[in-house]
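Commentary on secondary and tertiary structure
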Amino acid sequence: MKELLEHLVSPETRKLRPYHVPPSDGLIKLDAMENPYTLPSELREEWQACLAAANVNRYPDPGARVLRQRIREVFDVPSRCEVILGNGSDELIQMLALLIGGPGRTFLAPSPSFSMYRMISLFTGTGFREVPLNPDFSLHPDSMLDGVREAQPACIFLAYPNNPTGNRFDEDLVLEIVRVAPGVVVLDEAYYSFSGRTFLDRVPDYPNLLVMRTLSKSGLAGLRLGMLMGHPDWVAEMDKIRLPYNINSLSQAGAAFCLDHYDVLEAQGMRIREDRGQILAELAALPGVTVYPSDANFILLRFVQGADTVFESLKQRGVLVKNLHQPGGMLENCLRITVGTPEENLALLDAVREILGVRAA
């Protein structure tokens, strides 16, 4: 069997590890940047009725026309842009990799950033160039622009705000990268709900600029719906790669319903932003902790005591966060903490204080 795998599976793929999602049963789940709030009970009943009316014995609308129109309206998509949907942002990244990647091509992204940029590049046989961020996780202008000129990437991924660091990159530098890029630039605005800053209105000015978003962070992670907006010619080419019926009937109906009530999700996002400010201040006051600014729904922390120790101690106290520790790397002794409900945030703070031996004020 080993010989067969080595013969058929590419060396790049064999070196990869599956995307690991740890079990969270019985734990306060603050590891995956999810919105901790569900729909209000009165809307949940309407939403369930909407889903019950879906004809799941039939294939879904292949173009998700109703849903795409609601996305255009809710997110003010410019008239000169087209929209394509994916089963989460991951599928959209994969579509791009299949369309413009492959042997002899290179994709580029800052590092650290979203792991799927690298993973999807590699398992589609596409070269991948990483450009290290500054120690404060900002983009280094010379390094980025030199990297673009040297690698001549077919695609550049810029998460805005960046995951896992939570910061937004300099807007003028982002636009300069778009102008000098020999290929497309994808602005991944997965955390737009918590930053409020976007490049979507600039897409008509730059034919090589694509903006990607997701409803996962807004409160619909279980529906797995990503969206990409860009020049109609780009979207038309991507649509050739898109698998038929990739957005199922329940996701189409459920997402369209929620977009009809998007004010509810916006209110939840506002509450998360307010709680983010409070928890940032509380964590920054603790000794032995470096807290990085965030425009997302999570916070990056660095512990003098050691991330592995704090991570395991938090799990023992019933709190699950994301351990990003890599010895010698830029994220050495770092944990990423999702902003939860006020009760969850308080439990986290109490646990961190106890681990650090700090009494609550």
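1. Some remarks on a nonpolar patch on the surface
On the surface, Met1, Leu4, Leu5 and Leu8 cluster together into a nonpolar patch covering about 450 Å² of accessible area. Of note, Leu8 is situated in helix H1 (residues 2-8).

2. Here we look at the packing of helix H7 (residues 141-151) against helix H8 (residues 171-180)
The angle between the axes and the distance between the axes are what describe a pair of packed helices. Where H7 contacts H8, the axes come no closer than 10 Å and their chain directions differ by 15°. Of the possible angle classes, the one that applies to H7 and H8 is roughly parallel. Once H7 is placed against H8, the crossing between them reads as right-handed. On H8, the residues touching Pro141, Met144, Leu145 and Val148 of H7 are Leu173, Glu176, Ile177 and Val180. Grouping the amino acids of the contact of H7 with H8 by side-chain chemistry returns seven nonpolar, no polar and one charged.

3. Focus on the sheet that holds strand S2 (residues 82-86)
The mixed open sheet is built from seven strands, whose spatial order is S2-S8-S7-S6-S5-S3-S4. At either end of the open sheet lies a strand with only one pairing partner, and these are S2 and strand S4 (127-132). Taken over all neighbouring pairs, the strand axes of this sheet differ in orientation by 25° on average, direction set aside. Across four bridges, the pairing between strand S7 (residues 209-214) and strand S8 (residues 226-230) is antiparallel. In the strand pairing of S8, Val211 is matched with Met229.

4. As for the sheet that holds strand S13 (residues 334-338)
What the four strands build is an open sheet, ordered S9-S10-S13-S12; its pairing is antiparallel. Either end of the sheet is taken by a strand with one partner, and the two such strands are strand S9 (289-291) and strand S12 (322-323). In the packing of helix H13 (residues 262-284) onto the sheet, the strands contacted are S9 and strand S10 (298-303), and the crossing angle to S10 comes to about 5°. Across the sheet, helix H14 (residues 307-316) is in contact with S10, S12 and S13; its angle to S13 comes to roughly 35°.

5. Description of the pairing of S10
S10 sits mainly inside the fold: six of its six residues count as buried. Taking every second residue as pointing to the same face, both faces of S10 are buried, with Phe298, Leu300 and Arg302 on one and Ile299, Leu301 and Phe303 on the other. Relative to S10, S9 is paired through three bridges, and the arrangement is antiparallel. The residue bridging Val291 from the neighbouring strand is Leu301, located in S10. Here S9 folds back onto S10 in antiparallel fashion, the turn holding six residues. As judged from the five bridges shared by S10 and S13, these two strands associate in the antiparallel manner. Residue Phe298 lies in a different strand from S13, and its bridge partner there is Thr338.

6. Some remarks on the nonpolar core
Counting 60 residues, the largest nonpolar core has Leu67, Leu85 and Leu187 as its most contacted members. In terms of residues, this core owes the most to one element, helix H12 (residues 249-260), which gives six residues. Ignoring sequence-local partners within four residues, the contact set of Leu67 consists of Leu85, Leu225, Gln252, Ala255, Ala256 and Leu259. Membership of the second largest hydrophobic core comes to 34 residues, among which are Leu286, Val291, Leu314 and Val319.

7. Quick word on unusual backbone geometry
In this model, Ser111 is joined to Pro112 through a cis peptide bond whose omega is 5°. Note on placement: Pro112 falls in the loop between strand S3 (106-111) and helix H6 (115-123). The residue after Asn163, namely Pro164, is reached through a cis peptide bond having omega 20°. On the secondary structure map, Pro164 appears in the loop between strand S5 (155-159) and H8. You will see that Met33, though not glycine, has its phi angle at about 55°, which is positive. A positive phi is found at Asp76, a non-glycine position, where the angle reads about 55°. Relative to the helices and strands, Asp76 is located in the loop between helix H4 (65-74) and S2.

Thresholds, definitions, all that
- Residues numbered from 1 in each chain as written.
- Predicted model: local features only at pLDDT ≥ 70, side-chain atom pairs only at ≥ 80, totals over all residues.
- Heavy atoms only, no water.
- Patch = residues over 30% accessible without salt bridge, like charges linked within 9 Å, V, L, I, M, F, W, Y side chains within 5 Å.
- Areas by Shrake-Rupley, 256 points an atom, 1.4 Å probe, with all protein chains shown as cover.
- Salt bridge = Lys/Arg side-chain N within 4 Å of Asp/Glu carboxyl O.
- Helix = DSSP H or I, 4+ residues; strand = E, 2+ residues; numbered from the N terminus.
- Axes fitted to C-alpha atoms, helices over the stretch in contact; angles between N-to-C directions.
- Parallel < 35°, antiparallel > 145°, perpendicular 65-115°, else oblique.
- Left-handed = near helix turned anticlockwise from the far one by under 90°.
- Contact = heavy atoms within 4.5 Å.
- Nonpolar A, V, L, I, M, F, W, Y, C, P; charged D, E, K, R; others polar.
- Pairing = 2+ DSSP bridges.
- Buried < 20%, exposed > 50% of the residue type's maximum accessible area, 1.4 Å probe, protein only.
- Core = buried A, V, L, I, M, F, W, Y, C linked by side-chain atoms within 4.5 Å.

Functional significance is not addressed by these values, which are geometric in nature.
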